[in-house]
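The chain contents come next:
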Amino acid sequence: MLSIGQLAKRIECPVETLRYWEKEGLLPAPHRGENNYRWYQDSHLERALFIRNCRNLDMSLAEIRQLLRYKDQPDMRCDQVNRLLDEHISHVTERIASLTLLKDTLESLRQRCVTEKNIDACEILAGLSCDQAQGSTDKCSSHLRGVHPGSGRSI
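Per an unreviewed UniProt entry, the protein is named Cd(II)/Pb(II)-responsive transcriptional regulator, and its organism is Nitrincola tibetensis.

What follows is the structure, encoded as structure tokens:
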């Protein structure tokens, strides 16, 4: 039996995270002692490691919840697991493309100021003040257009 602190240390995550996973139904409620302390079994450790590893792969709680449902049905075929993972890979690919665009936009913005100037002449700050919806001007070139990952908002 492990205390919540011991379990957190074993899986290298904060105690609050374990409480959250329990509250979200990802981690089953542990046995509570007479002192109301949580006591976790090896099955909790295995499940917490599974959840942590999924989170390290940037899986959402919904994806993890679904994988846990599959895991709890060992006689099922794994084609649904493959489909879920394929969808996650697709989302990761989209995020990488979006982050690449963000990086390119930031690098382009950084190139606007290659010499030290007074703040009132800083082309980076001027570029960040542009209203991209109004179109580009000399001060506001189109290279500031991009998409912030996951938001769909112009930056």
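Read on, since the account is not over.
Student: Tell me about the overall build of the protein, residues and numbers included.
Tutor: Looking only at helices and strands, one finds 6 helices and 3 strands in the protein. Put simply, the protein runs from its N terminus to its C terminus through helices and strands in the order β-α-α-β-β-α-α-α-α. Considering only contacts in the protein between residues 6 or more positions apart, those separated by 24 or more positions represent 43%. For the protein, the accessible area works out to roughly 10800 Å², and carbon and sulfur atoms hold 52% of it.

Student: Which residues make up the sheet that holds strand 2 (residues 31–32), and what values do they have?
Tutor: Strand order in the open sheet made by the 3 strands is 1-3-2, with antiparallel pairing throughout. Each edge of the open sheet is held by one strand with a lone partner, namely strand 1 (2–3) and strand 2. Of the pairings in the sheet, the one linking strand 1 to strand 3 (residues 38–40) comprises 2 bridges and is antiparallel in character. By the bridge assignment, Ser3 is partnered in strand 3 with Trp39.

Student: An account of the nonpolar core is needed here, citing residue identities and associated values.
Tutor: Generally speaking, a soluble globular protein has its nonpolar side chains buried in company with each other. By size, the foremost hydrophobic cluster in this structure holds 22 residues, and its most contacted members are Ile11, Leu18, Trp21 and Ile64. Elements with a contribution of two residues or more to this core: helix 1 (4–11), helix 2 (15–23), helix 3 (42–56) and helix 4 (61–71). Looking at this core, the element that brings in the most residues is helix 4, giving 5 residues.

Student: I'd like a description of the pattern of salt bridges, backed by residues and values.
Tutor: Scanning the model with the defined rule gives 8 salt bridges in all. With a shortest N-O distance of 2.1 Å, Asp58 and Arg95 are connected by a salt bridge. With Asp58 in the loop between helix 3 and helix 4 and Arg95 in helix 5 (residues 79–110), this residue pair connects regions lying 37 residues apart in the sequence. Taking relative accessible area as the criterion, Arg95 reaches 44% and is therefore assigned partly exposed.

Student: I'd like a description of helix 4, backed by residues and values.
Tutor: The set of residues buried in helix 4 consists of Leu61, Glu63, Ile64, Leu67, Leu68 and Tyr70. Contact partners of the buried residues in helix 4: helix 2, helix 3 and helix 5.

Thresholds applied
- Every chain is numbered independently, its residues counted from 1 as its sequence is written.
- For this predicted model, a pLDDT threshold of at least 70 governs which residues receive local features, and a threshold of 80 or more governs which side-chain atom pairs are given and counted, while totals over whole chains, interfaces and linings are taken from all residues.
- With hydrogens and water stripped out, all remaining heavy atoms of the structure feed into the side-chain values.
- Secondary structure follows DSSP: runs of H or I at least 4 residues long count as helices, runs of E at least 2 residues long count as strands, and numbering of each begins at the N terminus.
- We call two residues in contact when some of their heavy atoms are within 4.5 Å.
- With residues, only the protein chains shown are counted as cover, and all accessible areas are computed by Shrake-Rupley using a 1.4 Å probe.
- In this analysis, strands are considered paired if DSSP registers two or more bridges between them.
- Residue types Ala, Val, Leu, Ile, Met, Phe, Trp, Tyr and Cys, when buried and joined through side-chain atoms within 4.5 Å, form a set referred to as a nonpolar core.
- Three labels apply to residues, based on accessible area from a 1.4 Å probe with only protein chains included: buried if under 20% of the type maximum, exposed if over 50%, partly exposed otherwise in between.
- Any carboxyl oxygen of Asp or Glu within 4 Å of a side-chain nitrogen of Lys or Arg constitutes a salt bridge here.

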